Amino acid sequence: MADENPPAGETPAQADGPAEGAQLRVLGQYVKDLSFENPNAPDSLRAGGEAPKIEVSVDVNARRISGDDFEVSLRCSASAQRGESASFIVETVYAGLFQLSGAPDD
């Protein structure tokens, strides 16, 4: 029977031995790309006029780097437009490097 309180620094699964099945390790996280544009400043900051039309999109991609290492990226973009004039455009890609072992390829 496993100890109720495993030694310091160990989780209950570690105290019982190595866990079976898939394991995921976070190797790093980083901002891969960041862009902000305000092409019509300062006119785009003036109050009044019609409300801006705002569009937001989110996309997630994953690619194998090598072996069990994968890069997963989250791309977020938003833009605001008043009539034919762009108020702002912001885009960012936030990514992480992960190691996935013990999982089937499918």
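Residues numbered from 1 in each chain as written. Predicted model: local features only at pLDDT ≥ 70, side-chain atom pairs only at ≥ 80, totals over all residues. Heavy atoms only, no water.

A. Structural detail: the overall build of the chain. Broken down by element type, the chain carries one helix and four strands. Counting helices and strands in the order they occur from the N terminus, the chain gives α-β-β-β-β. Residues counted as buried form 10% of the 106 residues belonging to the chain. For the chain, the proportion of contacts with a sequence separation of at least 24, taken over those separated by at least 6, is 63%. About 8,200 Å² of surface is accessible on the chain, with carbon and sulfur atoms providing 52% of the total. (Helix = DSSP H or I, 4+ residues; strand = E, 2+ residues; numbered from the N terminus. Buried < 20%, exposed > 50% of the residue type's maximum accessible area, 1.4 Å probe, protein only. Contact = heavy atoms within 4.5 Å. Areas by Shrake-Rupley, 256 points an atom, 1.4 Å probe, with all protein chains shown as cover.)

B. Seen up close, the pairing of strand E3 (residues 69-82). Looking at chain direction, strand E2 (residues 53-66) and E3 are connected through 13 bridges and run antiparallel. In the strand pairing of E3, Ser 57 is matched with Ser 77. Pairing between E3 and strand E4 (residues 85-101): 14 bridges, direction antiparallel. Across the sheet, the residue bridging to Asp 69 is Gln 99, located in E4. Here E3 folds back onto E4, and the loop between the two strands holds two residues, one of which, Gly 83, carries a positive phi near 60°. (Pairing = 2+ DSSP bridges.)

C. Inspection of unusual backbone geometry at higher detail. In this chain, Ala 41 is followed by Pro 42 through a cis amide linkage whose omega measures 0°. Tracing the sequence through the fold places Pro 42 in the loop between strand E1 (23-37) and E2.

D. Here's a closer look at the side chain of Ser 73. Tracing the backbone shows Ser 73 in strand E3. Residue Ser 73 is classed as buried on the basis of its relative accessible area of 15%.

E. The arrangement of the side chain of Glu 71 in detail. Within the secondary structure, Glu 71 sits in strand E3. A distance of 3.0 Å separates a polar atom in the side chain of Glu 71 from a polar atom in the side chain of Lys 32. (Polar contact = N/O pair within 3.5 Å; in protein donor to acceptor, adjacent residues only side chain to side chain.)

F. The arrangement of a nonpolar patch on the surface in detail. Taken together, the side chains of Val 31, Leu 34, Ile 54, Val 56, Val 58, Val 60, Leu 74 and Tyr 94 define a hydrophobic patch exposed on the protein surface, amounting to about 790 Å² of accessible area. For the nonpolar patch, the secondary structure elements donating two or more residues are E1 and E2. With four residues, the top contributor of residues to the nonpolar patch is E2. Looking at where Val 31 falls in the secondary structure, it is placed in strand E1. (Patch = residues over 30% accessible without salt bridge, like charges linked within 9 Å, V, L, I, M, F, W, Y side chains within 5 Å. Salt bridge = Lys/Arg side-chain N within 4 Å of Asp/Glu carboxyl O.)

G. Representation of the environment of Gln 81 in the model. Topologically, Gln 81 is positioned in strand E3. Here the side chain of Gln 81 touches Gly 83 through a polar contact of 3.2 Å, landing on its backbone oxygen.

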